[in-house]
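So the chains spell out like this:
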Amino acid sequence: MNGNKFVEVIIILAVLLLVGLGAGYFVVKNKNQVTPPSTSHQTLQSTSENYREADDFYSQRLYGQAIEKYNAALSEVDSLSQEVVIRLKIARATRDAGDNLKAVELFKDIIDNSRYANDLEEIRRGKTVAVAGLVAIFYQTHDRAVTEKIFSVKAQ
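Criteria and cut-off values
- Residues numbered from 1 in each chain as written.
- Predicted model: local features only at pLDDT ≥ 70, side-chain atom pairs only at ≥ 80, totals over all residues.
- Heavy atoms only, no water.
- Helix = DSSP H or I, 4+ residues; strand = E, 2+ residues; numbered from the N terminus.
- Salt bridge = Lys/Arg side-chain N within 4 Å of Asp/Glu carboxyl O.
- Buried < 20%, exposed > 50% of the residue type's maximum accessible area, 1.4 Å probe, protein only.
- Core = buried A, V, L, I, M, F, W, Y, C linked by side-chain atoms within 4.5 Å.
- pLDDT = per-residue confidence, 0-100.
- Contact = heavy atoms within 4.5 Å.
- Expected span 1.5 Å × (residues − 1).
- Axes fitted to C-alpha atoms, helices over the stretch in contact; angles between N-to-C directions.
- Parallel < 35°, antiparallel > 145°, perpendicular 65-115°, else oblique.
- Left-handed = near helix turned anticlockwise from the far one by under 90°.

**Regarding unusual backbone geometry**
Here is step 1 of the chain: In this structure, R61 is a non-glycine residue whose phi angle is positive, near 65°.
Here is step 2 of the chain: Despite not being glycine, H142 has its phi angle at roughly 55°, a positive value.
Here is step 3 of the chain: The topology assignment puts H142 in the loop between α7 (121-141) and α8 (144-150).

In structure tokens:
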């Protein structure tokens, strides 16, 4: 009977491991399909020329120009949710431009920023997207410096 329990535990652990690896693969495989909160994104699309231009630059893979326009759009925000959306876009453009260390910093700041410590749905979703961004960088780079930066803790 003890032998059967041991086999069951091993099988359960193996299944959990496979599910975890599968979920990690799904996040990495679909990194560009994770979208920021849609309501603020839609509002920014309809009200901010800088934001629209930044999205256009991003889609053309002109990440430096996109980052400049996203930064300009930050001065036009009406809410913390819109700010989080833009900051997520800046972090993604930074990552896609190849500066993984800076992108890690930007994603972590979204997650840890005390200004975003509220229960608004869009902000919680934005923080989740930031975590997914960190996971994607972690699995794609295999860079020790990036790994150390992801798992470092800010001094209080």
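**Notes on the pattern of salt bridges**
Here is step 1 of the chain: Considering all chains together, one arrives at ten salt bridges under this definition.
Here is step 2 of the chain: Among the ionic pairs, R95 bridges to D96, the shortest N-O distance being 3.0 Å.
Here is step 3 of the chain: R95 sits in the buried class, given a relative accessible area of 7%.
Here is step 4 of the chain: The salt bridge involving E105 is made with K149; its shortest N-O contact spans 3.1 Å. Taken together, the residues E105 in helix α6 (residues 100-112) and K149 in helix α8 connect sequence positions 44 residues apart.
Here is step 5 of the chain: The class of E105 is partly exposed, set by a relative accessible area of 38%.
Here is step 6 of the chain: Classification of K149 as partly exposed rests on a relative accessible area of 27%.
Here is step 7 of the chain: The network of salt bridges with common partners includes K102, E105 and K149.

**Section: the nonpolar core**
Looking at soluble globular proteins, one finds that nonpolar side chains tend to be buried together.
Here is step 1 of the chain: Membership of the largest hydrophobic core comes to 29 residues, with the highest contact counts inside it found for Y51, Y70, I86, L88 and F107.
Here is step 2 of the chain: Elements with a minimum of two residues in this core: α3 (49-59), α4 (63-74), α5 (80-96), α6, α7 and α8.
Here is step 3 of the chain: Ranked by residues supplied to this core, first place goes to α5 with seven residues.

**Looking at the confidence of the model for the chain**
Here is step 1 of the chain: With 79% of its residues at a pLDDT of 70 or more, the chain has an overall mean of 84.
Here is step 2 of the chain: Within the chain, α4 carries the highest mean pLDDT (97), whereas helix α1 (residues 2-29) carries the lowest (65).

**Topic: the environment of L101**
Here is step 1 of the chain: Locating L101 in the fold gives a position in helix α6.
Here is step 2 of the chain: Its relative accessible area of 36% is what places L101 among the partly exposed residues.
Here is step 3 of the chain: With 42 residues separating them along the chain, L101 and D143 place their C-alpha atoms 9.8 Å apart.
Here is step 4 of the chain: Beyond its immediate stretch of four places on either side in the chain, L101 contacts A145, V146 and K149.

**Let's talk about α6**
Here is step 1 of the chain: Look at α6: 18 Å from first C-alpha to last across 13 residues, which is about the 18 Å you get at 1.5 Å a residue.
Here is step 2 of the chain: Contact partners of the buried residues in α6: α5, α7 and α8.

**So, the packing of α4 against α5**
Here is step 1 of the chain: For the pair α4 and α5, the least separation of the axes is 9 Å and the interaxial angle reads 165°. Between α4 and α5, the crossing angle belongs to the class labelled roughly antiparallel. For the crossing formed where α4 meets α5, the hand is left-handed. Of α5, the residues touching α4 (which contributes Y63, I67, Y70, N71, A73 and L74) are E83, I86, R87, K89, I90, A93, T94 and D96.

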